[in-house]
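Residue-level structural notes
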There are 2 protein chains.
Amino acid sequence: MTSSSFTIDLEPVGRRVQVGTKSTLLAAAQAAGVELVAVCGGIGSCGTCRVRLMTGELSPLTLIEEVELGLDEIAAGFRLACQARPVSDVRLDIPPESLTTPQRLQVEGQGVEVGLDPVVVPIDLHISPPSLFDLRSDTTRLKAALAEQGFVIQTIALPVLAGLSEGLRAQDWSARLALRRVDGKAAKNLVAVLPPASPLLGLAVDIGTTKLAAYLVDLVSGETLAKDGAMNPQIAFGEDVISRIAYVNEHAGQHPDGRQLLQDRLVATLNHLAAQLCAGVGNSPQQIVEAVFVGNTAMHHLFAGLPVHQLGASPYVPVIGESFELPATALGLSLARGATVYLPPNIAGYVGADHVAMLLALDVARTQQITIALDIGTNTEITLSIPARRTGRKGNRMLSCSCASGPAFEGAHINAGMRAAPGAIERLQIIAGDVRVHTIGGVAPVGICGSGILDAVAELLVAGVLDRRGVLQKGHSRLRQATNGRLEFLLVPAAASGHGHDLVVSREDVKEIQLAKGAIRAGIEILLGEAGLMPDDVEQFIVAGAFGTYLDLNSALRIGMFPALPIERFRQVGNAAGIGAKQMLVSAAQRRAASQIARQIEYIELTTHPTFAEEFVQALTFGK
Amino acid sequence: MTSSSFTIDLEPVGRRVQVGTKSTLLAAAQAAGVELVAVCGGIGSCGTCRVRLMTGELSPLTLIEEVELGLDEIAAGFRLACQARPVSDVRLDIPPESLTTPQRLQVEGQGVEVGLDPVVVPIDLHISPPSLFDLRSDTTRLKAALAEQGFVIQTIALPVLAGLSEGLRAQDWSARLALRRVDGKAAKNLVAVLPPASPLLGLAVDIGTTKLAAYLVDLVSGETLAKDGAMNPQIAFGEDVISRIAYVNEHAGQHPDGRQLLQDRLVATLNHLAAQLCAGVGNSPQQIVEAVFVGNTAMHHLFAGLPVHQLGASPYVPVIGESFELPATALGLSLARGATVYLPPNIAGYVGADHVAMLLALDVARTQQITIALDIGTNTEITLSIPARRTGRKGNRMLSCSCASGPAFEGAHINAGMRAAPGAIERLQIIAGDVRVHTIGGVAPVGICGSGILDAVAELLVAGVLDRRGVLQKGHSRLRQATNGRLEFLLVPAAASGHGHDLVVSREDVKEIQLAKGAIRAGIEILLGEAGLMPDDVEQFIVAGAFGTYLDLNSALRIGMFPALPIERFRQVGNAAGIGAKQMLVSAAQRRAASQIARQIEYIELTTHPTFAEEFVQALTFGK
């Protein structure tokens, strides 16, 4: 059976394109508006347009590829996009270095100020060396020197012990030691033996399903020394949580094992990110003595190497809810030999530690205003916090839920959808029948990302092109009949696009936004209902996360995704989860506060909630 | 440059042989009296005579070898002894399966009875599974079920957590849990989630420089279910501690790194031994939830992956003296996912945890008799224990030292020396000028092991062939002039030997025994002197270890290696170190007692002791 065209999925950009059987992958990427580095112009002499085949089949390796690619790369599925052609539908992973312009990453975020309450402290020490008249072991010697300064050591982890003797001798028996608190004890654990005067560094990371945001912090001053983002490399194995769980299930026990593979890829990227951050400030990851990682429950499990099978099947329970600590070495992280990784608590299978971190960063558990805080993604986690004055309880009452809002706001399942990468329409207005677009990077449009499609639907509603049920209404000059016979709205004609194809909004696109909006709004209503509150009672409405940062609040209000509150009650706080992770990195008190938040929250399971179906159907209607 | 003969070292048997350049390795082994399995008679069709090349060069691989050996084996240096010929001096490692008869291994030993004081306890549990109306995480659920039975969990190690969800579901939410004590806390650590009614097993191992002795114990009954020995595979990298340290130093940082390589080989053998012991009683190593390993300080460090460089150079200090615990996974041991390895304390660089274990097993710290306890090897560790009634102190006073007794009693550096393997002379008498020998396995003699050479020297002294200075006295019919012009004594003529060569005792052999005996006796005298005691004050004299088990006490007394005490004061106790390890496996109280012993001991460094040189010279003279 032969086919005249194939579907090419380009990850992590999230673009899909149909190409003829003779098209190279480079041409396919160009057709999709994804700019690959191809210094030589596609003749195969520069080797820069490397892509990795994830699924499907390509034409055989060319001689040029055999020359340009190493054996390891070939074994790992790398090809040159200018040489390879599809022989089936394929899914490609494009490494960041093959893209001309990077994707947009969200590392900035808001959070309240917190004081330092350090988990790891530095101690500078000079120790007298052993002699034939002082035969104490290196450990005994070190402990005695610390005892003179009033410190008692509880444990020295094996990797630290294994480096102790060489380290002390190489540094002529002078060292800066990193000591870590032990809960409820005066004794401390020895984390690292560093050269004298080394800084003590910490790493906080928000592991998003799509993107990673990492922060390098000076643990003594609490100052953020550097921050950076990267794509989550697991995207190549599935764009959302569910497809990654499916991948792990399908490849369970195989070689390479799916769970292990996803963990290894993520850890490799994190090691790379940590090394880059450190290099940027003239330090080494060996000086990172403590790390905090937040993510949704599935990312948390995949990072820690915990099974995710039970997260993919009802009743979707996590392996572990409470916070826990583990040695960085157990995960393959290249930090200080005795560095500890702290993982804050998860609330439920689909409300994870990243949500807890966001609530922590914004002090939602102690706010004096009735507050809704949410983070929109494929799953949207929502918390309602009601201050003590309203309930008569001791602390705030907090209710949380998770709604399956789908991947529409990530650009997936949308006709012209793509992630927030260069060429994506991120803002859109319809003025007097004319469509004005703003793209990321200011280049010609090649697709539309979450905030753009939200704007498009809102503008079509305002212009009367869409009715409240989401049906396109005949009459606008840009409306036309699609090949499936249904109406579609022309956003950008081929001539104005970056790839020579029309960009349209279809009835199906509208429906995706309708489902997402309906789920989010229903979740909000259920929480308010549980607390006996009306929408207007909400005094503060916090929208966190990357999409939440870039969305136009007026568009969200117009389609009714959020309740119709005065605009000044809304706050777009960016990557607050990353900020919460940083707070927990420098403060034991914040860790305790996070655990308290997780214990305090009443989790509402929507799938078994008696009025969810009703609320959802009602919320599907556009408008306030 | 060509040579007409090469030296072939056969390990772990410890035999050396000179062969012509055309000799196969099989013929070389036969010439040395080492019987390799060669089912086909040496024509290369059976593939059973596998040996591994450690150093030196062999003839190129034959076609037969390419057929019989796997690529992995070839890469690892395996050859067929019937096919390969030396092209230089070579050192070969003979795997146990290639030897027709096994070496003698010492696993039996004496020790006092101790009560159980379990570190790990079993709890049987049925847990209610999650549902949409009970969304607690698996960990929370498990902890709650345990709390109902009065148990609080402190930590669950990552590997246990990673297996928890699948384990509970596979066992339909019924499990036998292994819980481990946490010092000073009511809370416990979760070690393993086993199928209902699984036994809880423990592993105790004495890691000797030459031999391993392993014991599989039922942790609930304290019963020893199985025991077995194996050769320490590190022998292939050096027969004693010093040469292994040298190997590690020379290969530091290389690929494969020397330290890592020695650790990996040992761990692989231990995993094999554990699996065999378990299989023998119908269990799996996954049920081993706790393990105790003892060894001298160098074996302890090499096992734990700690550096040994500083053990090989003055002042010879250990990385760590006190006891410590580490996860079995950190060492690559295939036991239960959360199994802990307990390593008892070391006293000094050359008095290790095996000596502590021996003292513990025989209750030397609380004996009411003035006691000397020693374990003879390349290093001989000696402890003198003086009961409270003699010192007026609260507990026994204990003094320890280590003397460099050399490898003579392991058969090394002795002309016809070999380890205690089949064909070794282990008992020898000279009756009316006639030499009567007894060999291990009752076969024709091919060499002489430690107890045999001790007997030989003692008998030559009694017969007047040797004088007290160790000089051979002319007059005996078996004396003859060696090629170096000095006298040698013919023990076994070629015709009566197993390999057609004379077995002789030379002046150099006598000197080796003299040095060993002198070092041991000097150590004993120094300890007695420090305590102000005379040799006759010693009421109990404990001789531990494999050589100590097989040596003839009368011979040891005749040459003056031990002070001249009535024979009934001596006890030969076998592998008491292994018994001490077993006691610590089943009893937390015994672990505390071991740490107390290590703290209580006054270590005497002989190299800086003012009277050591004098004592040593005096002790070189044979006789009581």
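Our subject is the structure listed above.
The paragraphs below set out a description of the structure included in this document. Predicted model, so just to flag it, every value in this text is computed and none were measured. In this convention, every chain numbers its residues from 1, walking through the sequence in written order. Chain letters and ligand numbers both follow the written order, the letters beginning at A and the numbers at 1. Where totals are concerned, whole chains, interfaces and linings use all residues; where local detail is concerned, this predicted model gives features only for residues with pLDDT of at least 70, and gives and counts side-chain atom pairs only at 80 or more. Calculated side-chain values reflect all of the structure's heavy atoms, with hydrogen atoms and water omitted.

As a further point, take the environment of A:Arg79. All names here are of chain A. Tracing the backbone through its elements, the reader meets arginine 79 in strand 4 (residues 78–80). For the pair formed by arginine 79 and threonine 62, sequence separation is 17 residues and the distance between their alpha carbons is 9.4 Å. The residues touching arginine 79, leaving out its near neighbours within four places in the chain, are Cys49, Arg50, Val51, Leu58, Ser59, Pro60, Leu61, Glu65, Leu69 and Ala84. Within the local environment of arginine 79, its side chain forms a polar contact with the backbone oxygen of serine 59, the two atoms lying 2.8 Å apart. Within the structure, the side chain of arginine 79 is placed 2.7 Å from the side chain of glutamate 65, a separation counted as a polar contact. Each helix is a run of DSSP H or I of at least 4 residues and each strand a run of E of at least 2, with the numbering of both proceeding from the N terminus. Residues count as neighbours in contact if any of their non-hydrogen atoms are within 4.5 Å of one another. The term polar contact refers here to a pair of N or O atoms within 3.5 Å; inside protein, the definition further demands a hydrogen-donor-capable atom paired with an acceptor-capable atom, and it admits residues adjacent in sequence only when both atoms are side-chain atoms.

Bringing the interface of chain B and chain A into the picture now. Of the residues lining the interface, 41 residues belong to chain B; the matching set on chain A comes to 41 residues. When two components associate, each loses some accessible surface as probed by a 1.4 Å sphere; the sum of these losses over both components is called the buried area. Taking both sides of the interface into account, the surface hidden between chain B and chain A amounts to around 3200 Å²; carbon and sulfur atoms contribute 67%. Counting the surface chain B buries against chain A, the share from its top three residues, B:Leu132, B:Leu135 and B:Leu158, is 18%. One side-chain nitrogen of Lys or Arg within 4 Å of one carboxyl oxygen of Asp or Glu is enough to make a salt bridge. Our count for the contact surface shared by chain B and chain A stands at four salt bridges.

The subject of this paragraph is the side chain of B:Asp9. Residue and element names in this part refer to chain B. Structurally, aspartate 9 can be placed in strand 1 (residues 5–11). Polar side-chain contacts of aspartate 9 include one of 2.9 Å to the side chain of arginine 16. Contact partners of aspartate 9, with chain neighbours within four places excluded, come to Arg15, Arg16, Val90, Arg91 and Leu92.

Attention now goes to the sheet that holds strand 23 (residues 487–492) of chain B. Within a sheet, each strand pairs with its neighbour through backbone hydrogen bonds, oriented either parallel or antiparallel. Residues and elements named next belong to chain B. Reading across the sheet, the three strands line up as 22-23-24 and stay open at both edges, with antiparallel pairing between neighbours. Every interior strand has two partners, whereas the edge strands, strand 22 (479–481) and strand 24 (503–506), have only one. Each strand axis lies, on average, 45 degrees off the axis of its neighbour in the sheet, ignoring direction. Set on the sheet, helix 13 (residues 507–530) makes contact with strand 23 and strand 24; between it and strand 24 the angle comes to about 60 degrees. Any two strands are treated as partners once DSSP identifies two or more bridges connecting them. As a rule, the C-alpha atoms of each element are fitted with a line to give its axis, helices using only the stretch in contact, and angles between N-to-C directions run from 0 to 180 degrees.

Turning to the pattern of salt bridges, a few remarks are in order. Residues and elements named next belong to chain A. Within this structure, the stated rule accounts for 59 salt bridges over all chains. Its salt-bridge partner being aspartate 138, residue arginine 169 comes within 2.8 Å of it at the nearest N-O pair. Linking arginine 169 in helix 5 (residues 158–170) with aspartate 138 in helix 4 (residues 138–148), this pair joins segments that are 31 residues apart in sequence. Among the residues examined, arginine 169 registers a relative accessible area of 29% and is labelled partly exposed. With a closest N to O distance of 3.5 Å, arginine 569 and aspartate 536 form a salt bridge. One end of the pair, arginine 569, is in the loop between helix 14 (553–559) and strand 26 (570–574); the other, aspartate 536, is in the loop between helix 12 (507–530) and strand 25 (540–544), and 33 residues separate them in sequence. Any residue under 20% of the maximum accessible area for its type is buried, any over 50% is exposed, and the rest in between are partly exposed; the area is computed with a 1.4 Å probe on protein chains only. Residue classification places arginine 569 among the partly exposed positions, given a relative accessible area of 24%.

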